[in-house]
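Next come the chains, spelled out residue by residue.
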Amino acid sequence: MPKQLLAKSPHLDRGNLSLEQHLTDTAVAVRAIFKGRILENWSRFFRLKDSQVFLLHLTIAALFHDLGKANADFYNMVQKQCKQQTLRHEWLSALILHLPAMRHWLQTSDLNCDVVTAAVLCHHLQSRSKEWGKPRAASYVTLYLQHPEVRRILNEVANLLQLPEVPDLPELWDANDAIWQTAYQQANRSGSHLGSQMRRDSDLCSLVMAVKAGLIAADAVASGVFRTRGSHAIEDWVDATLHQPAISSNELEEKILQPRYAQIERKLKRPFELNDPQKLASGLGDRILTLMACGSGKTLFGYKWMQGVLDRHELGRLIFLYPTRGTATEGFRDYVAWAPETEASLLTGTANYELQAMRDNPPESLRNGRTVKSFQVDERMYALGFWQKRFFSATVDQFLSFLTHRYASICLLPVLVDSALIVDEVHSFSERMFKSLTSFLTHFDHPILCMTATLPATRQKDLTQKRKKERPGSELLVFPTQDDRETLETLEEAENSPRYNIHPIPDLNARDRLIETAIDAYRPPKPQRVLWVVNTVDRCREIAWRLEQELSESVLVYHSRFRLKDRHDRHNETVSAFAMKSDEPKPAIAVTTQVCEMSLDLDADVLITEQAPITSLVQRFGRANRHLARGKKFQAQIYVYPTPKQLPYNDDELKGVEAFLNEVTGIASQAQLAEALQKRSPPVHSAKSESAFTKSSYWAVAESYREDDGYSISVVLDRDLKEVRQCMEDKKPIDGFILPIPRHLAKSDDRPEWLPNYLAIADANLYCEKMGFGKK
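Residues numbered from 1 in each chain as written. Predicted model: local features only at pLDDT ≥ 70, side-chain atom pairs only at ≥ 80, totals over all residues. Heavy atoms only, no water.

Points about the overall build of the protein
So, step 1. Broken down by element type, the protein carries 33 helices and 23 strands.
So, step 2. Computed over the C-alpha atoms, the radius of gyration of the protein is 29 Å, within 12% of the 28 Å expected from 2.2 N^0.38 for a compact globule of 776 residues.
So, step 3. Based on the C-alpha atoms only, the size of the protein along its principal axes is roughly 95 × 60 × 55 Å.
So, step 4. Here the protein holds 776 residues, and the buried ones make up 59% of them.
So, step 5. Sequence-distant contacts in the protein: of pairs separated by 6 or more residues, those separated by 24 or more amount to 79%. (Helix = DSSP H or I, 4+ residues; strand = E, 2+ residues; numbered from the N terminus. Rg over C-alpha atoms; globule rule 2.2 N^0.38 Å. Buried < 20%, exposed > 50% of the residue type's maximum accessible area, 1.4 Å probe, protein only. Contact = heavy atoms within 4.5 Å.)

Written out as structure tokens, the structure is:
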């Protein structure tokens, strides 16, 4: 038996971390994290009946979670004397908890052993019900459960639970030993029984979820702080990062809203005034679904709603979630970046690259000597590095994918529970994402505002009436109601303004004629801003090439198949070209795909679009005459035409499109579009209010938050390989070189070993910085 048991591989700077020290550190992290406002908000979020019961179960789980590392396999592995354990250490920890002697010992207290076991078994999110507990190498493992470190930890458990003397435990795990076979069978029965109980008992379900998430967070803190600062620093680090002062509504006004108002005034050259809905936002409730037209000031409405929440609750964070990286980045540039650099954060999969790009071309919110680097966090702490931040613009995955057992998102739960939360563009959520949202609403008590311009009737009911039926108080209240609208003059005026003239064209061969329409609108004597939206990248490139041939000049092109650094340039060029910089706009012409539906704030005079699902068409129409900048009498001309091939959409998604277009043909307003959408949208299945996180008991494995179409793959161009490798060696982000392409177009040979597994290689001959990637 070794003199010291190890919890981790020896650290170059910190030396050895003993198993006893790590288990003690994790219990210290529990006490450091879950106190004061964070404990109160954690208890509210998870609907806990008794926070002290939660703390007791979590502390016991912290002391047990890595006890399975007290074995010869694990010790040899961290000493690099073997490559694989026979059993994962958390499996052994769970089996130890199901030994008859251990179970009998613990059950003399009020502890729910199944709750502790669920947290222990799931803390690495690597336990599948059909795979766990089965040996991967030998059929036996030497255990060190009589080691003084283990005995001291178990004595601490005994002191906390006021238990009798610690029982004797086996010195060998043997797959053929009846005692371990019994423990395994009992664990399976207990796990299944706990799952059944959780479905019937919402209080038990809340406790299980809270303890499982709390253990993951505490374990991450104990490991991360030891790695970067040493075990002695845990409490000081948590106090300095997580336990930030509560944000007041005045602080939000001063740090974000007033600078934003001033920016708007400089742009409009007139005093800024809140519109009617924005004036009412702070007086609304804690759970709201806002349905307001494109261009009606929903983002600012959201921040005003947050002010009301801050007046009612003590919260230390404000989180604004978006469905795409592009919209999250825009939200950061326009609002969050006005906050002090040490308090604000952009949190997306490519945030470091986005921030570096802003350094080279800073928005107004980042000028006056402010440095982009200050917005970044200590990368050695991974997700925990964001605990110090107070104002977030992020993609929805970063905070809500805890529902699919994403580890980083679970580590951010102490931040999430301490926040006012806004989720934007919920109309764009895929079936899986929307299901997660309904699960969030049903199971967690949290101030949340969901926003969109339009939403099909079934989904509206899922967020409102159905939530109330399943769990009263979990529903969202719709704003504005019809009664509200009668008093909101500015909103009524904006939504009922006849801003569109819609021309459905049934001809499958209409594209040639529409090429002429686009050219005539772009050219003098009355040049206009022309936006053409198609459903595939190949057609986007093809139409752009046709227009360039006819016009003998460049056409703006924007779609998903650009390297990220080139996509930034195309994005900025397109937004700038369609901005209204004077009473008479300058001519512009651009061809885009679905990416324009959310990530581009465009204001076209003429919109040409392929047929698409009704919700997509409404979003595309919202890119035309968006701000009524050309006066109330001006109508954007909108042309909608079918395509011979309906991909990427299917028949069900396109149901009702013809009827919708017939209903809005001619002069139309945003209110008419919303009414027709409600009437003509195809029925969709009502979302089940469950998720992997809310229904799992003993077993948990990370899943994808979004659907994977299996069609695309991330690549780097072969000509960029040398530069990509240099960036990796210099520990710089490589996101700027990455682009998505169809899998069948990726190269299958000459893949270097140093390239990350998630990346393939593409032929640079098929790429153009201006047109993107595609067949020539």
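What follows picks up the thread again.
Side note on the environment of S689
So, step 1. As for its placement among the helices and strands, S689 is situated in the loop between α31 (670-680) and α32 (692-695).
So, step 2. According to the relative accessible area criterion, S689 is buried, its value standing at 12%.
So, step 3. The sequence separation of S689 and K435 amounts to 254 residues, and the corresponding C-alpha distance is 6.2 Å.
So, step 4. Setting aside chain neighbours within four positions, we find S689 in contact with T438, S439, T442, H443, R467 and E470.
So, step 5. One polar contact links S689 to E470, side chain to side chain, over a distance of 2.4 Å. (Polar contact = N/O pair within 3.5 Å; in protein donor to acceptor, adjacent residues only side chain to side chain.)

Observations concerning the nonpolar core
So, step 1. In terms of nonpolar packing, the biggest core is built from 140 residues, with F46, F54, L106, F402 and F440 touching the most fellow members.
So, step 2. Top element by residues in this core is helix α10 (residues 202-228). It accounts for 16 residues.
So, step 3. Each residue touching F46, except ones within four places of it in the same chain, is listed here: S206, M209, A210, A213, L413, F444 and F693.
So, step 4. Of all hydrophobic cores here, the second largest spans 39 residues; its members include A281, Y322, F332 and I422. (Core = buried A, V, L, I, M, F, W, Y, C linked by side-chain atoms within 4.5 Å.)

Describing the pattern of salt bridges
So, step 1. Under the defined criterion, the tally for this structure stands at 39 salt bridges.
So, step 2. Among the ionic pairs, K655 bridges to D652, the shortest N-O distance being 3.3 Å.
So, step 3. The closest approach of N and O atoms between K695 and E690, which form a salt bridge, is 3.7 Å.
So, step 4. The class of K695 is partly exposed, set by a relative accessible area of 46%. (Salt bridge = Lys/Arg side-chain N within 4 Å of Asp/Glu carboxyl O.)

Looking at the state of the cysteines
So, step 1. As enumerated under the stated definition, the model contains zero disulfides in all.
So, step 2. In this structure C540 is not part of a disulfide, and its nearest cysteine sulfur, from C596, lies 9.7 Å away. (Disulfide = S-S within 2.5 Å.)

Brief notes about helix α27 (residues 564-577)
Side chains of residues three or four places apart in an α-helix project in the same direction, reflecting 3.6 residues per turn.
So, step 1. The end-to-end C-alpha distance of α27, which contains 14 residues, comes to 20 Å, matching closely the 20 Å that a straight helix rising 1.5 Å per residue would cover.
So, step 2. By the burial criterion, the buried members of α27 are L564, D566, R567, H568, R570, H571 and T574. (Expected span 1.5 Å × (residues − 1).)

Digging into helix α29 (residues 614-621)
So, step 1. Burial runs high along α29: seven of the eight residues are buried.
So, step 2. Taken together, the buried positions of α29 are I614, S616, L617, V618, Q619, R620 and F621.

Looking at the packing of aromatic side chains
So, step 1. Enumeration according to the criterion identifies 25 aromatic pairs in this entry.
So, step 2. Through pairs of rings, three or more aromatic residues link up here, namely F34, W42, F45, F46, F54, F402, F440, F444 and F693.
So, step 3. For R136, the ring lying beneath its charged end belongs to W91, and the centroid distance is 5.7 Å.
So, step 4. R459 extends its terminal NZ or CZ atom over the ring of F434, reaching a point 4.2 Å from the ring centre. (Phe/Tyr/Trp six-rings, centres within 6.5 Å; stacked < 30°, edge-to-face > 60°. Lys NZ or Arg CZ within 6 Å of the ring centre and 35° of its normal.)

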